[in-house]
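A structural walkthrough
So you can see what is in the structure, the chains are spelled out below.
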Amino acid sequence: MSRAPSAGPRRGSSTRRRVVTAGVAIVAATSLAACAQSQREAGGGGEGGTLTFGAAGAPDLFDPFYASDGETFRVTRQIMEGLVGFKPGSSDVQPELAESWEHSPDGKTWTFKLRQGVKFHDGTDFNGEAVCKNFQRMFSQTGAGQNNALSYYWIENFGGFADGKTPSLYQACDAPDAATAVVHLTRASSKFPDILGLPSFSMQSPTAMDQYQANNVQAQGDSFVYPEYAKAHPTGTGPFKFASYDESNGTIKLARNEEYWGEKAKLNELIFRIIPDETVRKQELESGAIDGYDYPNAADLKALRDAGNNVQVRDPFNIMYLGITQKNNPALQNLKVRQALAYAVDRETLVKSNMPEGASVATQFYPKTVDGYAEDVQQYPHDPAKAKQLLAEAGMPNVTLNFYWPTEVTRPYMPDPQGIYNALAEDLREAGFTINPVSKPWNGGYIDDVDNAKADIFLLGWTGDYNTPDNFIGTFFGTPTNRFYTAASPWGEELAAQLKAADGEPDEAKRNQMYQDMNRKLMSEYLPAVPLSHSPPAIVTSPRVHGLQTSPLTAEEFASVSVSEK
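First things first, this report covers the structure right here in the doc. (Residues numbered from 1 in each chain as written. Predicted model: local features only at pLDDT ≥ 70, side-chain atom pairs only at ≥ 80, totals over all residues. Heavy atoms only, no water.)

**What to know about the overall build of the protein chain**
- Along the backbone of the protein chain there are 16 helices and 24 strands.
- Computed over C-alpha atoms, the radius of gyration of the protein chain comes to 23 Å, within 12% of the 24 Å expected from 2.2 N^0.38 for 566 residues, which places it in the range of a compact globule.
- In the protein chain, which comprises 566 residues, the share counted as buried stands at 60%.
- Within the protein chain, residue pairs in contact and separated by at least 24 positions form 72% of the contacts whose partners lie at least 6 positions apart.
- On the protein chain, roughly 20,200 Å² of surface is accessible, and the fraction owed to carbon and sulfur atoms is 47%. (Helix = DSSP H or I, 4+ residues; strand = E, 2+ residues; numbered from the N terminus. Rg over C-alpha atoms; globule rule 2.2 N^0.38 Å. Buried < 20%, exposed > 50% of the residue type's maximum accessible area, 1.4 Å probe, protein only. Contact = heavy atoms within 4.5 Å. Areas by Shrake-Rupley, 256 points an atom, 1.4 Å probe, with all protein chains shown as cover.)

As structure tokens, then:
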């Protein structure tokens, strides 16, 4: 998504540089307590109280390892922490549960010095043994736990599991003492240790996971049945603790962790109310029933500001795309048909009519601020005649497509799913495609179907987790059998290999050149999806809310937030 004026710093191609070979890098710990103190002094309002935030969708569960959606992470981010985190307002990595780390010259062995005196919410000690148990739990998934719809982030970032059927980036973990964890990788990677800041790789209590059978996830038809741990007992080290989830009323309650190792949360209680309809979220803010919500309609921003609310627009760091699945519809394995899709959609009008101010047309699969962006990729201007010509050349003038779009959700990159679907479907019909609409709730079958490659084409997008090309195109196309099913094309495996090679390339200039070459091929020779737009999502809070630091990753944490009396 792209954003307009921003509260957070802009990402630049030179924001951060990684070293994966030469020498040993040591990252010194920063004072999180000092940071939190600074935030407290900058804010207003008093200590304690309750903040109610309007969430755009329901979380599927509360075990972040099995999750891939932002609404689950919005909650778990408050109660769990990783070995590394991200500096407030930026995508830059900072120490979290690890105070420092160093790596071997070949980039394959990472030694983390752990923060001492930290306990999980159930009283279990956080130490080297707990770190290794978490890694071993993730690596040892079996059965449904290996499904791409569940272990999505593991598969996309680490690859395979302990059964060895697919190569894995992860090899082993040692805990030589309580204050140290050593993670062994099978190869160097440009994304390590940044990926350990992802919510999916948060540290969770080994005791609670054993007690409530965290790994006992079962496939049931097209969906999954989650264990008690994931529904009612998520246990981390964060400043808030899970209290309850009233699914029928769509209300999640978190309580302040009074034993937190760092600066304690200001709020006594943090409540997330699930309100999928953006108009209703606005009405609830106006009535005082909630204190803030995400993704306000761009048309409402001025009125919200005029009413005294605090509207913050984040930096753009996302992509919305028209996904293409090559698994079930042979026509989509033809490049000319995929190119016809790209020429058919009117992205300029889509951005002007359906996206907020500051949005822009996407020419490739990540924003310009990410390394490896190529200025000279093949362009696809709106040209229905060209689309029809390509379909005729492919011998498929009447292609029928099942077009999936989500309900009961608003995403940072997709502010109005139905409006966007309507616009694109009309464009595609004009170019000669026959469209069968398929709509499902975001966490009520949509994500599962898309991740299991059941759609022909679909609406989806991505907000960057950290600032590397691999986090975008490596996540999208690094696994040929995922939602795009590029395995159906002869270049699917080749593209995955190219992405893996670029991720492991230690020379920055060479690595960036490799990504530029791939971006050119992605838009001319492969076209596994059609990039649509970058969009700037906003977040709004009432005047009584103080101290909310926005994140370009849309990864806000509420520990520093306070509320004034009503």
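**Some words on the state of the cysteines**
- Applying the stated criterion across every chain yields a total of 1 disulfide.
- Through a disulfide, C132 is tied to C173; the S-S separation comes to 2.1 Å. In this structure the cystine formed by C132 and C173 twists about its S-S bond by roughly -70°; its chirality is therefore left-handed. Here the residue C132 occupies a position in helix α3 (residues 128–139), and C173 occupies one in strand β7 (residues 170–177), the gap between them amounting to 41 residues. Of the two residues examined, C132 and C173, each falls in the buried class. (Disulfide = S-S within 2.5 Å.)

**A word on unusual backbone geometry**
- With an omega of 10°, the peptide bond running from F192 to P193 counts as cis.
- Within the element layout of this structure, P193 appears in the loop between β8 (180–185) and α5 (206–211).
- The backbone phi angle of E408 is positive, close to 55°, even though this residue is not glycine.
- Counting through the fold element by element, E408 comes out in the loop between β18 (400–407) and α12 (417–430).
- For Y485, which is not glycine, the phi torsion reads 45° and is therefore positive.
- Here Y485 shows up in the loop between α14 (469–477) and α15 (492–503).

**A few points about the pairing of strand β16 (residues 318–324)**
- With 7 of 7 residues buried, β16 is to be regarded as a mostly interior element.
- Side chains of β16 alternate between two faces, with N318, M320, L322 and I324 and I319, Y321 and G323 buried alike.
- In terms of strand pairing, β16 meets strand β21 (residues 529–534) through 4 bridges, oriented antiparallel. Paired with L322 across the strands is V530, a residue of β21. (Pairing = 2+ DSSP bridges.)

**Re helix α13 (residues 442–451)**
- In terms of burial, α13 is a largely internal element, 8 of the 10 residues being buried.
- Along α13, the residues that are buried comprise W442, G445, Y446, I447, D448, D449, V450 and D451.
- On its buried face, α13 is in contact with β10 (223–225), β18, β19 (434–441) and β20 (457–463).
- A453 sits one or two residues past α13 and shows a positive phi near 60°.

**Here we look at helix α16 (residues 508–526)**
- Within α16, the full set of buried residues consists of R511, N512, Y515, M518, N519, L522, M523 and Y526.
- Those residues of α16 that are buried lie in contact with α9 (335–344), α14, α15 and β21.
- L527 sits one or two residues past α16 and shows a positive phi near 45°.

**Describing empty space enclosed by the protein**
- A full pass over the atoms with the stated rule returns 2 cavities of 30 Å³ or more.
- Looking at the largest cavity, its volume works out to about 70 Å³.
- The wall of the largest cavity is formed by D60, L61, Y66, A67, S68, D69, A149, Y226, N443, I447 and D448.
- Residues belonging to the lining of the largest cavity are distributed by class as follows: 6 nonpolar, 2 polar and 3 charged. (1 Å grid on protein atoms, 1.4 Å probe; cavity = no way out; pocket = protein on both sides within 12 Å on 5 of 7 lines; lining within 4 Å. Points joined across faces, edges and corners; volume = space filled by probe spheres on them. Nonpolar A, V, L, I, M, F, W, Y, C, P; charged D, E, K, R; others polar.)

**Points about the sheet that holds strand β22 (residues 538–541)**
- In spatial order, the strands read β11-β12-β13-β2-β14-β22-β15; together these 7 strands make up an open sheet with mixed pairing. Unpaired on one side and paired on the other, β11 (240–246) and β15 (310–313) mark the two borders of the sheet. Going from strand to strand, the sheet's axes swing by 20° on average, the running direction of each strand aside.
- In the sheet, β15 pairs with β22 via 4 bridges, with the strands oriented antiparallel. Bridging from a neighbouring strand, V311 pairs with V540 of β22.
- In the packing of helix α7 (residues 278–287) onto the sheet, contacts are made with β2 (50–55), β13 (269–274), β14 (292–294) and β22, and the angle to β14 comes to roughly 160°. (Axes fitted to C-alpha atoms, helices over the stretch in contact; angles between N-to-C directions.)

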